[in-house]
Amino acid sequence: MRIKLLGTAAGGAFPQWNCACRNCRSLRKGSFAGKPRSQLQVAISQNDKSWYLLNASPDIRSQLERDPVFYPRRQVRSTPIAGIVLTSADLDQVLGLLTLREFEQFRIYATPTLQRILREDNSMFAALNRVPGQVTWVDIAPGERFSLVSKKGEAELCCTPVPLKEHAPSYISHQRRLELKDEELLLGLTIETAAGRRLGYFPAICEISQEIMKMLAGIDVILFDGTFWSNNELQGVRATAPMAREIGHLPVSGAEGSLERLAGLKARKIYVHVNNTNPLLNEAGREYRQVRAAGWEVAEDGWEFEL
Ligand SMILES: [Zn+2]
């Protein structure tokens, strides 16, 4: 399987348009020891012909344009993108779908709950189904394996959605929230190659249960939530901001942080979805040195590798 990291930042990207935190300010001045990043976007392929996207970032248009592998091939209007798997309805994970509305045929794999949020509560997403045979929505369920299917109908990579402790996007009304299935709101994913190699995709996770620990033991490469370094990180930019855990992200540092909790994992470990406030972005800083010394990598836009 080929894996491309087209974008690696959390919502807002780096730098963020309205942010003058230490990182964003320093990057704009040209004095930052680190790289700018677009919002998280991962693409995978078994054969370099059919591509599958994990979620759809608001930056997707420029991310796809930067890599010729995603250009139309045979017909004037076409795409090698065969499908998109959704793991949440967070805006930084779904807004890109609206950019992909130009009458293309592809599949969107999502739980009924996520489909309901997008298709029943947000009428703009009807743009994906303006003509017959445009987007096909495919139901998926937590814990149930499914195949990513090419446009010719061939089953390619095998995916298993992992239910995570729920976190609902803030734009959902209180009333609607009560009607939704908790276990269908937020997923991690494992993706398996024909040879049995496994990629883990967990860009938003606020609790690592024993079950998840067990599952992670069988993963070869993990893309993990690196949104925040510390639980109170956002309060550095806005005093009334919520804690990292309250908005669904386990911090990297601290006694219960991912760095410590996942120290024993044998997988290649890569932090993704890194927020612009995170000191990890500074490659001259002690936080960056600490995670690198612990065997973690901090994803950068444009990375790609084989699994
Ligand atoms: Zn910032």
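Definitions and limits used
- Residues numbered from 1 in each chain as written.
- Predicted model: local features only at pLDDT ≥ 70, side-chain atom pairs only at ≥ 80, totals over all residues.
- Heavy atoms only, no water.
- Buried < 20%, exposed > 50% of the residue type's maximum accessible area, 1.4 Å probe, protein only.
- Helix = DSSP H or I, 4+ residues; strand = E, 2+ residues; numbered from the N terminus.
- Arc of directions from axis to C-beta.
- Core = buried A, V, L, I, M, F, W, Y, C linked by side-chain atoms within 4.5 Å.
- Contact = heavy atoms within 4.5 Å.
- Patch = residues over 30% accessible without salt bridge, like charges linked within 9 Å, V, L, I, M, F, W, Y side chains within 5 Å.
- Areas by Shrake-Rupley, 256 points an atom, 1.4 Å probe, with all protein chains shown as cover.
- Salt bridge = Lys/Arg side-chain N within 4 Å of Asp/Glu carboxyl O.
- Pairing = 2+ DSSP bridges.
- Axes fitted to C-alpha atoms, helices over the stretch in contact; angles between N-to-C directions.
- Right-handed = clockwise from strand over helix to strand, strands pointing away.

### A short note on helix H9 (residues 286-293)
- What H9 keeps buried is the set Glu287, Tyr288 and Val291. Buried residues of H9 fall within an arc of 100° about the axis and therefore sit on the same side. Projecting away from the buried face of H9 at angles above 90 degrees are the exposed residues Arg286, Arg289 and Ala293.
- Looking at the residues trailing H9, positive phi occurs at Gly295, about 90°.

### Section: the nonpolar core
- Grouped together as the largest cluster of nonpolar side chains are 33 residues, with contacts concentrated most on Phe202, Leu216, Phe224, Tyr271 and Val291.
- Going through the elements one at a time, helix H1 (22-29), helix H7 (210-216), strand E11 (221-225), H9 and strand E13 (296-298) are the ones with two or more residues in this core.
- Not counting chain neighbours up to four residues away, the residues in contact with Tyr271 comprise Phe224, Asp225, Gly226, Val252, Ser258, Leu259, Leu280, Val291, Trp296, Glu297, Val298 and Ala299.

### Some thoughts on a nonpolar patch on the surface
- Judged by side-chain polarity, Leu91, Leu95 and Tyr171 come together as a nonpolar surface patch covering roughly 240 Å² of accessible area.
- On the secondary structure map, Tyr171 appears in the loop between strand E8 (155-163) and helix H6 (174-179).
- On the basis of relative accessible area, Tyr171 is assigned to the partly exposed category, the value being 31%.

### Re the sheet that holds strand E10 (residues 198-202)
- Here we have 7 strands laid out as an open sheet, ordered E7-E8-E9-E10-E11-E12-E13, and mixed in their pairing. Looking along the sheet, the strands with just one partner apiece sit at the ends: strand E7 (146-149) and E13. Ignoring which end each strand starts from, the neighbouring axes of this sheet average 25° apart.
- Where H9 meets the sheet, it contacts strand E12 (268-272) and E13, and its direction lies at approximately 135° from that of E13.

### Examining helix H5 (residues 112-120)
- Every buried residue of H5 is listed here: Thr113, Leu114, Gln115, Ile117 and Leu118.
- In this fold, the buried residues of H5 make contact with helix H3 (91-94), helix H4 (96-99), strand E5 (106-110) and strand E6 (135-139).

### Looking at the pattern of salt bridges
- What the rule picks out here adds up to 18 salt bridges.
- Notably, a salt bridge pairs Glu283 with Lys35, separated by 2.9 Å at the nearest N-O pair. Of the two residues, Glu283 sits in the loop between E12 and H9 while Lys35 sits in the loop between H1 and strand E2 (41-45), which places them 248 residues apart along the sequence.
- When the shortest N-O distance is used, the salt bridge between Asp220 and Arg197 registers 3.2 Å. With Asp220 in the loop between H7 and E11 and Arg197 in the loop between strand E9 (187-192) and E10, the pair connects residues that are 23 residues apart, well separated along the chain.
- Linked through salt bridges whose partners overlap, the residues forming this network are Arg2, Lys4, Asp67, Glu304 and Glu306.

### Considerations on the sheet that holds strand E1 (residues 2-7)
- On the basis of which strands lie adjacent, the open sheet formed by 7 strands has the order E6-E5-E4-E3-E2-E1-E14 and mixed pairing. Both outer strands of the open sheet, E6 and strand E14 (303-306), are each paired with one neighbouring strand and no more. Mean inter-strand twist for the sheet, computed between neighbouring axes without regard to direction, equals 20°.
- With 3 bridges connecting them, strand E4 (residues 81-85) and E5 associate as parallel partners. Each bridged residue has a counterpart across the sheet, and for Gly83 the counterpart in E5 is Arg107.

### Re the pairing of E6
- Pairing analysis gives 5 bridges linking E5 to E6, with the strands arranged parallel. By the bridge assignment, Ala110 is partnered in E6 with Asp139.
- Handedness of the crossover joining E5 and E6 through H5 is recorded here as right-handed.

### What about the environment of Gly285?
- Turning to its location among the elements, Gly285 is positioned in the loop between E12 and H9.
- Judged by its relative accessible area of 9%, Gly285 falls in the buried class.
- Considered as a pair, Gly285 and Ala33 are 252 residues apart in the sequence and their alpha carbons are 8.5 Å apart.

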